[in-house]
Every structure is written in C-alpha cells, then in structure tokens.
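Residue-level structure breakdown
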Amino acid sequence: MLLSNLDILATAPGGVARLRELILTLAVQGKLVPQDPADEPASVLLQKTRAEKDRLIAEGKIRRDKPLAEMAEEEKPFELPMGWEWVKGRDLFTVVRGVTYQKADAKDAPAEGLLPILRANNIRGSINFDDLVYVPASLISEDQLLRSGDYVVCLASGSKNLVGKAAPFRPEVTCSFGAFCGAIRPITDAAYFAVYLASPMYRESVSEASAGIGINNLKGSSLLDLDIALPPLAEQSRIVTRVEELMRLCDALEAKGQLEAAQHAQLVSTLLGTLTASTTPEELAANWQRVAQHFDLLLDRPEAIDALEQTLLQLAVRGLLVPQDPTDEPASALLQKIRAEKDRLIATGQIKQGKPLPPITDEEKPFELPVGWEWGRLEQLSIAIVDCPHSTPKFVESGRLCLDTNSFKQGVLLPHKLRFVDESTFVERNARLAPQPGDLVFAREGSVGESILIPDGVDACLGQRVMLFRFSTQVSKEFVRLAISSTSFLDALLAMHKGIGAKHVNVGDMRNAVIPLPPLPEQSRIVTRVTALRRLCADLRQRLAERQSVQARLAEALVANNAQTSTQQEDECHAA
C-alpha cells in the first residue's frame, strides 16, 4: 500500500520527510523486514557483546558501569518481534566526551602539531569537514581520536533540534571533536546503529533527556540509559540493506520533485514572460488566451501565483491592463498642475525650492509608453521626501508607533511586528516632518522595495532604514505605490549598487527614479483593476493552501495506516 501511494506522499507538503520517518520507525520496531526463525537471537549477540565489554574493562580500556534494574514491562514502548531484546545503550556502546580547549588554542588553518576538531555544525546526517578548527594534538587523548565505526553526536547547542543529532564517522582524516560533542563508540561493530540514531524513536528519547536554560544539554549518561530494541545480527543486516534501498527511493522522489519544481518555474517564467513581452492590448489579449489554457498547470504552487501577481503589476504600469480613454486629460497636463501646486507651496514658504532635475534620458526608459502617458521622476511628483533619522531608537513595550522595515509587508501593517517609542523619542524623530495618513513609507534597506501608505487614524514616526514620500494631490498615491513595487522599477534601482554589500537604496536614487505616469483617471482605473486581480490571487492562494492541507492529511493518513497495518500483521503472526 505504501509503495502504491508514493506519488501522493511525494507531492504532499513534507510527504517525503514523513515517508523517511515511517521507514525508520518501522525499521526499529521490527516491522520493515520479516523475521527468520533460523537467525541467532539477539540474546546470544548480547552475551557476546557483554563478554567483549568485560574484556575491555579487564584491560582498563573502559570503566565498569553501575548495575541497573531490568526494564519493567510497563516501561517497554512496544512489543518486540521474535528474537529481539530490549537493551540499554550502555550494553552496546560507550560514550567519549569531546576535547576542551581555549579559544586562543584554536586555529583556522592546519599546521604541524595541530589536529582538526569536529563541532556541531559538522553533523548534518553525515559528517562534513567544512569550517574546521585546529587545536594542538597534545590536548587530545588517544581515546578522543575518532575511530571507524564511531558516531559523532551533538551534546549541547542553543538549538534543541541539533542536540542529539548523530552521524557515523568515516576515517577520511585523523581528527577529534569538541567539548559540545561526544562519540558513541560501539563495543562491537554495529551498522544498525546508523538506522537507530536516525529514527524518530531516538530523536524523541534525546529530546526528553536534553534540558537547559538558553542552551540545551544532553548528558553522556542519558545516551547510555537509552532503551534500544536490539534485533538479531542477521536481521540487522537485512534492515540496514532495506533502509538503504528505501532511502535511495526517497532521494529519487525528492530529486524528481526538485527537478519538477525547476521545470515548473521555467515554464511559468516562459509563459508569463510572453505576457510582459506584449506591446499592444491586442497582442496581450492573444497571449493571455494561450496562457489561460494552462492555468491549472501553472497555478498549482504558491510561487507561481506570486509570479502571476507580479506579472499583472508589470502589465498595469505599462498601460496594458486597462484601456486608454482618448478623452482623458494627458499626463503632460498633470505634470504641469503638479508643478503649479509645488510653486504655490514654495511661494508660501511651506516647502523649499529643490535643485533642478535633469531631463529623463532614453536610457532611463525601460519600455514604450501608451499615448497620453509621460515619464516622471519621483521628486517631480512629491511635495516632500524625507529620510529617516540615522539612529536606532530605543523601543519600549507600549507608547507611540515607530514604523521600521519590519512593520509592513505588501502594503499592510503587521500588528505582531509593530514597535513603539516613548513620547520624547517620537517628537525628536518627527522634528523634520511628522508622517501623516496617505504618506508613503519605503524600505530602502533590508526588505528593499516594501512600502506602505500610512492608513487613516495611524500616527507614527519613522524608524531606521526607511524614507517617506508625500505626494502631490494631483497624483494617485496608490498608483505610485504600485509603480515602485514593480519588478522593472526595483531591478533598475538595485542595479545601481550591484555587488556593494547588502541590498540598499540611496535617497538620491529614489529622488531621481523614474516611473511611468498615466492620465489621472487611468491611474484610478489601474488601481481598481489591480486591487480586484489581487483579490483573485489571494483566493487562488487560499484554495491552493486548502488543497495542500488535504494532500498533507491524506499523506499522514497513508503513513499512519501503513504503520497500523504492520502492527496488525505482526499481531496476526503472533496469534498464529
């Protein structure tokens, strides 16, 4: 049943990860491969392991453990298959603590007399040898040198998910491990440990055992006290082989999913690209018909809907989303009205005379404009442009609202991200210009390109890494926000600073940035149309999320059903 439903599991969100967990859970519970009555039982293997442990104790290579009470029936999490035994970790392995060294002893590069040290970041399912540190060999005991068959385990980390993570060591280099790690050293060779240490059963056990404030710690004694279901040696071999086969199948499913995702992204890019390549409304209509035939295929992933929404925005600012009306007053007259409004404000001392703006060159125009449109610089359209104070305000639990780059996304305030300052800080940060409803706040660092029009009733000051625009009453501020959110605008803006540190935008660049300006009535029509289409995109996302939720529940049900079926089959075998 599991194999017959792989497509459902592979395409459901997190399906392959759950499939891996199921495989490992079945493996350590004895439900993945059949038992063979001819196998030498685990009790015999355990006797041999204890004999080897006694020999190592007699030779002084390991210490004798304190005797422990046998596991009570009520402590056993499940019934074992024939030939299996419940054992403690200490019955099968020892735990070696890592090397303690001073920061001054650690070097970033190899040198004579130094040995590499593995740390928690080197354990990722397998061991990687990236970002090693090197310490004097004199600090490392012979016991702390890793051996073939050891498993390196993270014993302490700020992340609870990392604590207990283990990986088998392959003797590629002579090395040791740091104090926040340990080594599980099997008393006898045990490839099966790799299966157990990757299983949800092991992860749940170490999660319960780790504790700490700020940093999570797993004691070596907790590893030694682990309850492990031990299969016969021959069955261990069969389990390892079967797990490896099924994990390769999972790898193939993931690779297939990644390949399909890449192919899907290319298809979306190509088909939506035909829309933005349209030069006339008639050409757009023809291209739209071709794309619309493939909507079910295209819009089956959230990122595809995001791409569609950005495409619609591109079409809007190029004048292809709504028809032009020859009776509309052209944008050239609109620019004259804006100039007259600014001259009146300068004459009355309400704003200052700005520097003359350079003419817009052909190189600054990324596409041809429809009849009646004009190119304009943002400073032409603005009554005021103000940068934020270049200091980090002191935030308080409650007080006056301070808008920074975390406060808004996609034109909406994020209530859980809002931050506040006290009254004196609020007044100080508004000394140049107090933001008011309708002003546009733009993120020029961090989440560059995000913007918001301050809603009615919101009284705020500016935080860091944002700037404010107050636009002329002769222009639609909603349209300007759409224009500066478009890919063509942001790509041109960010291209000015390629390769220079983190993404950012200078205030001067924003002042001189050019946007396409339609007649005022068309601006209003475009905003209305984009708003309606964005609502449709939101509906698409909602329906897609609901469908993915159904897929995820179906995958969970399939995984749970397979685990239940295995248990029932085992019970039937015991009854027989």
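Residues numbered from 1 in each chain as written. Predicted model: local features only at pLDDT ≥ 70, side-chain atom pairs only at ≥ 80, totals over all residues. Heavy atoms only, no water.

So, about the packing of helix α2 (residues 15-28) against helix α8 (residues 233-276). The geometry of α2 relative to α8 is characterised by a closest axis approach of 10 Å and an angle of 175° between their N-to-C directions. Considering the angle they form, α2 stands roughly antiparallel to α8. Packed against α2, whose contacting residues are Val-16, Leu-19, Arg-20, Ile-23, Leu-24 and Ala-27, the element α8 presents Ile-239, Val-243, Leu-246, Met-247, Cys-250, Asp-251, Leu-253 and Glu-254 at the interface. Looking at the contact of α2 with α8 residue by residue, the class counts come to eleven nonpolar, no polar and three charged. (Axes fitted to C-alpha atoms, helices over the stretch in contact; angles between N-to-C directions. Helix = DSSP H or I, 4+ residues; strand = E, 2+ residues; numbered from the N terminus. Parallel < 35°, antiparallel > 145°, perpendicular 65-115°, else oblique. Contact = heavy atoms within 4.5 Å. Nonpolar A, V, L, I, M, F, W, Y, C, P; charged D, E, K, R; others polar.)

Right, let's get into the sheet that holds strand β23 (residues 466-471). The four strands lie next to each other as β15-β23-β20-β21, forming an open sheet whose pairing is antiparallel. Only two strands of the sheet have a single neighbouring strand rather than two, namely β15 (382-387) and β21 (451-453). Across the sheet, the axes of successive neighbouring strands diverge by a mean angle of 15°, strand direction being ignored. Where strand β20 (residues 440-443) meets β21, three bridges bridge the pair, whose relative direction is antiparallel. Within the sheet, the bridge partner assigned to Val-441 lies in β21 and is Ile-452. Its contacts with the sheet put helix α15 (residues 477-484) on β20, β21 and β23, and the angle it makes with β21 is roughly 175°. (Pairing = 2+ DSSP bridges.)

What follows concerns the pattern of salt bridges. Overall, the coordinates contain 32 salt bridges when judged by the stated rule. One salt bridge connects Arg-20 with Glu-254, and the closest N-O pair in it is separated by 2.9 Å. Separated by 234 residues along the polypeptide, Arg-20 in helix α2 and Glu-254 in helix α8 bring together distant segments of the chain. Here Glu-245 ties to Arg-242 by a salt bridge, and the two come within 3.1 Å at their closest N and O atoms. Within this pair, Glu-245 and its partner Arg-242 are both found in helix α8, separated by three residues, close to a single helical turn. Taking relative accessible area as the criterion, Glu-245 reaches 35% and is therefore assigned partly exposed. (Salt bridge = Lys/Arg side-chain N within 4 Å of Asp/Glu carboxyl O. Buried < 20%, exposed > 50% of the residue type's maximum accessible area, 1.4 Å probe, protein only.)

Attention now goes to the nonpolar core. Within the largest apolar cluster, 55 residues are counted, with the highest numbers of intra-cluster contacts made by Leu-378, Phe-442, Phe-469, Phe-489 and Met-510. With eight residues, the top contributor of residues to this core is helix α11 (residues 302-317). Once residues within four sequence positions are removed from consideration, Leu-378 is found in contact with Phe-469, Phe-471, Val-480, Ile-484, Phe-489, Met-510, Arg-511, Ala-513 and Ile-515. The next biggest cluster of nonpolar side chains, apart from the first, holds 50 residues, and it includes Leu-22, Leu-24, Phe-78 and Met-201. (Core = buried A, V, L, I, M, F, W, Y, C linked by side-chain atoms within 4.5 Å.)

So, about the sheet that holds strand β10 (residues 176-177). One open sheet accounts for three strands, arranged β6-β3-β10; its pairing is mixed. Looking at which strands have only one partner, the edges of the open sheet turn out to be β6 (133-136) and β10. Here strand β3 (residues 114-118) pairs with β10 via two bridges, running parallel. Each bridged residue has a counterpart across the sheet, and for Ile-117 the counterpart in β10 is Ser-176.

Here α8 crosses helix α9 (residues 281-292) at 160°, and the two axes come no closer than 8 Å. Judged by the inter-axis angle, α8 sits roughly antiparallel to α9. Two packed elements cross with a definite hand, and for α8 against α9 that hand is left-handed. For the pair α8 and α9, the contacting residues are Leu-271, Leu-272, Thr-274 and Leu-275 in the first and Leu-284, Asn-287, Trp-288 and Val-291 in the second. Residue classes in the contact of α8 with α9 are distributed as six nonpolar, two polar and no charged. (Left-handed = near helix turned anticlockwise from the far one by under 90°.)

By themselves, these observations are geometric and do not establish any function.
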